[in-house]
Amino acid sequence: MSESNVLKRASAAGLDQVVAAETALSHVDGEAGRLVIAGYDVETLIATHDFEATAALLWRTAGLDPAPAEEDVRRDLGAARVDAFALVPSLLSSTRGLTVTEGLRAGLSLLPDEGALPAHIRAVGAIPVFVAALVRRERGEAAVAPVAHHGHAADFLRMMRNAPASEAEVTALNAYLSTVTDHGMNASTFTARVIASTRAGTISAVVGALCALKGPLHGGAPGPVLDMLDDIGTRENIMPWLRTEIAKGERLMGFGHRVYKVRDPRAEVFNKAVTLLTNGNERVRFAREVEKAALIALREAKPNQRLDTNMEYYTAVLLEALGIPRSAVTAVFALSRAVGWTAHVMEQERVGRLIRPQSAYIGVWPDDAAA
């Protein structure tokens, strides 16, 4: 096959199976339903690492020198949250009328490329401060200042609510944040690496990655999962609603994954976190009944296609139980994934080469146009 045909095939497939980088940060095995993050199966990672420990692990793995310890990351992220709060008045005055994710995009753009703290710390530290302030503005409430010595998850929930979170809530959010820090060469991570390859800097790479995440095909699924649960409404309506939607050719949100051919391992992690958090409340019981029925309905309608529960399904239930509004789901995802983005920036900068793929021209040639 000619090089041109290879390029055309890769383009048509959305670059599926094209290796774009070597990384030590994560590996996704879609056939086996396995996610490895920096040498840990995700189930082991969340049992042994909170968010700060996971961030330290990923940044060490990316080759950050000196290698950060968990206590260093905890201290520095606390200082970064305090610094970021000074930007909240500018953030709120300049983002009236914008969504939470749009506001976060603007807030990250306020961060300078250089500062007293490293750029990766400042970016990751700023996000919970900005998101909490934007959520509170939606509610007509004033922003709440961070507390430097609190953990990242606990401080975010406290800033959003202006009240301390329970231990179970902090544990559940830490499980979520640690789990979604990195996930292979997804669209936003690839965007971050492309930007990093130009030497534009970490802040620019994070802003660009967030813009990619904002797209509904990447980071926007959990909100529609909750809309689906609302539309179904009652237990009696579960199977009729599902079968009607499938017959219309509609996608069931929270089921199927472009990479995972079996159950998404992150879905099981979040399922357990939800159990810890909610102690089996009615909404969770209803969500589990919908999941069970959806898997039956999908097998009936598409017996030759494996469509299993993905991360977004229990992400939606978990974040709702934590009191995080649907408008902030994508931004809260970015709160965690920014760790992975910045780690990939570190890896890409060590490579030191501009990412410049070729394209296959399919337009009109001058001699053809003249004929």
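Residues numbered from 1 in each chain as written. Predicted model: local features only at pLDDT ≥ 70, side-chain atom pairs only at ≥ 80, totals over all residues. Heavy atoms only, no water.

1. Brief notes about the sheet that holds strand 1 (residues 26-29)
Thought 1: Spatial strand order, 1-2-3: 3 strands in an open sheet with antiparallel pairing. Of all the strands in the sheet, the pair left with one neighbour each is strand 1 and strand 3 (40-41).
Thought 2: Strand direction decides the pairing type here: strand 2 (residues 34-37) and strand 3, joined by 2 bridges, are antiparallel. By the bridge assignment, Val36 is partnered in strand 3 with Asp41. (Pairing = 2+ DSSP bridges. Helix = DSSP H or I, 4+ residues; strand = E, 2+ residues; numbered from the N terminus.)

2. Remarks on helix 13 (residues 238-247)
Thought 1: Taken residue by residue, helix 13 has Ile238, Met239, Trp241, Leu242, Glu245 and Ile246 as its buried positions. Projected down its long axis, helix 13 shows its buried positions confined to an angular sector of 165 degrees, all on one face.
Thought 2: Phi for Gly249, located one or two positions after helix 13, is positive at around 85 degrees. (Buried < 20%, exposed > 50% of the residue type's maximum accessible area, 1.4 Å probe, protein only. Arc of directions from axis to C-beta.)

3. Overview of the pattern of salt bridges
Thought 1: Taken as a whole, this structure holds 21 salt bridges when the rule is applied.
Thought 2: Note that Asp72 and Arg75 form a salt bridge whose closest N and O atoms lie 3.4 Å from each other. With Asp72 and Arg75 both in helix 4 (residues 70-85) and 3 residues apart, this pair spans about one turn of that helix.
Thought 3: Among the residues examined, Asp72 registers a relative accessible area of 26% and is labelled partly exposed.
Thought 4: A salt bridge links Glu347 to Arg193, with the nearest nitrogen and oxygen atoms 2.9 Å apart. Placement of Glu347 in helix 17 (residues 329-351) and of Arg193 in helix 10 (residues 187-197) is noted, with a sequence separation of 154 residues between them.
Thought 5: Judged by its relative accessible area of 7%, Glu347 falls in the buried class.
Thought 6: The network of salt bridges with common partners includes Asp227, Asp230, Arg283, Glu320 and Arg326. (Salt bridge = Lys/Arg side-chain N within 4 Å of Asp/Glu carboxyl O.)

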